[in-house]
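Residues per chain are reported as follows:
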Amino acid sequence: MSDFSSGAVIDDDLDIGAAQSRGKAREAAGAKAAAWGGKGLNIAIGISAVVVVAGIALWFMQLSGGMVQTGMRNLSSWGLYITSFMFFVGLSAGGLIISSVPKAFGIAGFGGISKVAVMSSIACTVAAIGMVVVDLGQPARLWELFAYSNLGSPLMWDILVLGTYLILSCVYLWAQVRADAGKMSHTALRVISVVALVCAVLVHSVTAWIFGLQQGREMWHTALLAPWFVSSALVCC
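Residues numbered from 1 in each chain as written. Predicted model: local features only at pLDDT ≥ 70, side-chain atom pairs only at ≥ 80, totals over all residues. Heavy atoms only, no water.

K.L.:
Tell me about a nonpolar patch on the surface, and name the residues and values.
P.N.:
Nonpolar side chains collect at one region of the surface, where Ile43, Ile47 and Val51 lie side by side and expose about 290 Å² of accessible area between them. In this structure, Ile47 sits in helix 1 (residues 16–65). Exposure remark for Ile47: the relative accessible area of 52% places this residue in the exposed category. (Patch = residues over 30% accessible without salt bridge, like charges linked within 9 Å, V, L, I, M, F, W, Y side chains within 5 Å. Areas by Shrake-Rupley, 256 points an atom, 1.4 Å probe, with all protein chains shown as cover. Salt bridge = Lys/Arg side-chain N within 4 Å of Asp/Glu carboxyl O. Helix = DSSP H or I, 4+ residues; strand = E, 2+ residues; numbered from the N terminus. Buried < 20%, exposed > 50% of the residue type's maximum accessible area, 1.4 Å probe, protein only.)

K.L.:
Outline the nonpolar core, listing residues and values.
P.N.:
Of all hydrophobic cores here, the largest spans 27 residues; its most connected members are Leu96, Tyr165, Tyr172 and Val203. Elements supplying a minimum of two residues to this core: helix 2 (80–105), helix 3 (111–135), helix 5 (154–180), helix 6 (186–212) and helix 7 (225–236). The residues touching Tyr165, leaving out its near neighbours within four places in the chain, are Ser92, Ala93, Leu96, Ser121, Thr125, Cys199, Ala200 and Val203. Core analysis: the next-biggest nonpolar cluster, separate from the first, contains six residues, Ile82, Ala208, Phe211 and Phe229 among them. (Core = buried A, V, L, I, M, F, W, Y, C linked by side-chain atoms within 4.5 Å. Contact = heavy atoms within 4.5 Å.)

K.L.:
Explain the pattern of salt bridges residue by residue, including any values.
P.N.:
Scanning all chains against the criterion turns up one salt bridge. Salt-bridge contacts for Asp180 lead to Lys115; the nearest nitrogen and oxygen are separated by 2.7 Å. Within this pair, whereas Asp180 is found in helix 5, its partner Lys115 is found in helix 3, the two being separated by 65 residues in sequence. Residue classification places Asp180 among the exposed positions, given a relative accessible area of 54%. Given the relative accessible area of 26%, Lys115 is considered partly exposed.

K.L.:
Go over the confidence of the model for the protein chain with me, naming the residues and quoting the values.
P.N.:
For the protein chain, per-residue confidence averages 77 on the pLDDT scale, and residues scoring 70 or more make up 78% of the total. Within the model, pLDDT remains below 50 along residues 1–14, and this stretch shows 11 contacts once partners closer than five positions in the same chain are excluded. (pLDDT = per-residue confidence, 0-100.)

K.L.:
Explain the layout of surface pockets residue by residue, including any values.
P.N.:
Approximately 610 Å³ is the volume attributed to the largest pocket. Looking at the largest pocket, it is lined by 25 residues, and the ones nearest its centre are Val132, Leu145, Leu155, Asp158 and Ile159. At the level of elements, helix 2, helix 3, helix 4 (144–147), helix 5 and helix 6 are the ones that each hand at least two residues to the lining of the largest pocket. Classifying every residue of the lining of the largest pocket by side-chain character gives 17 nonpolar, five polar and three charged. In this structure, the second largest pocket spans a volume of roughly 330 Å³. For the lining of the second largest pocket, the elements supplying multiple residues, two or more each, are helix 1, helix 2 and helix 3. Top contributing element to the lining of the second largest pocket by residue count: helix 1, with four residues. Of the residues in the lining of the second largest pocket, the class split is seven nonpolar, five polar and no charged. (1 Å grid on protein atoms, 1.4 Å probe; cavity = no way out; pocket = protein on both sides within 12 Å on 5 of 7 lines; lining within 4 Å. Points joined across faces, edges and corners; volume = space filled by probe spheres on them. Nonpolar A, V, L, I, M, F, W, Y, C, P; charged D, E, K, R; others polar.)

K.L.:
I'd like a description of the packing of helix 5 against helix 6, backed by residues and values.
P.N.:
The geometry of helix 5 relative to helix 6 is characterised by a closest axis approach of 9 Å and an angle of 155° between their N-to-C directions. Looking at the two axes, helix 5 sits roughly antiparallel to helix 6. Crossing geometry of helix 5 relative to helix 6 is assigned as left-handed. Packed against helix 5, whose contacting residues are Pro154, Leu155, Trp157, Asp158, Val161, Leu162, Tyr165, Leu168, Tyr172, Ala175, Gln176 and Ala179, the element helix 6 presents Leu189, Ile192, Ser193, Val195, Ala196, Cys199, Ala200, Leu202, Val203, Val206, Thr207 and Ile210 at the interface. Classifying every residue of the contact of helix 5 with helix 6 gives 20 nonpolar, three polar and one charged. (Axes fitted to C-alpha atoms, helices over the stretch in contact; angles between N-to-C directions. Parallel < 35°, antiparallel > 145°, perpendicular 65-115°, else oblique. Left-handed = near helix turned anticlockwise from the far one by under 90°.)

K.L.:
Help me get a handle on the packing of aromatic side chains, residues and values and all.
P.N.:
Tallied over the full model, the rule gives three aromatic pairs. Summarising the aromatic geometry, the rings of Phe87 and Phe88 are spaced 5.5 Å apart at their centres and angled 65° between planes, so their arrangement reads as edge-to-face. Classification of Phe87 by relative accessible area gives partly exposed; the value is 47%. For Phe88, a relative accessible area of 22% translates into the label partly exposed. Ring centres 6.1 Å apart and planes at 50° place the aromatic pair Trp143 and Tyr148 in the tilted group. (Phe/Tyr/Trp six-rings, centres within 6.5 Å; stacked < 30°, edge-to-face > 60°.)

Laid out in structure tokens, this is it:
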């Protein structure tokens, strides 16, 4: 900061020693980040690639041998696929709620994580839909869900809500980018945030209601699953 009215310069930026020390600190931090991004990131990508290849190979085994390859039976019909579906839906709902609540209610201080939260929400929604497709056993029959859809089935509600949720999350991310660039009013962004918040609560509530219809599970057969799932989603994020 400079005080020109008194003729005295008290700007720390004009201190050559301080400026050099700050420059060296920034270079050290940049070098450390570059080193991690170079070696550490390549290792992470390599491990992820191995996991993806193994997953695809096991999925082809399932397609050729049938769902019996998963070891699931009538007594345990929901295995890792539906468990992962619940996990990803919870993360996606929690991410969108965390991103949309500050915008919807005008709470400052969450701008740094808002776009990251909605990006993670989109990624988790895609992963959740992928788990459902894999659990079908025959992905080629996916079109039958829409050709012979039954709106009286809660599973169909979940499909519609997830599709709408994914589209709305993408629109919400686009609206945030436009608002940051000054090409969209904050009022319009707030309206979209409110709609996104309602949809985020709805998508996890519908998932909870599906589980709540399982009469053979005492702890599941309750209307309290919806708020339980939503609160769990917030804790996960």
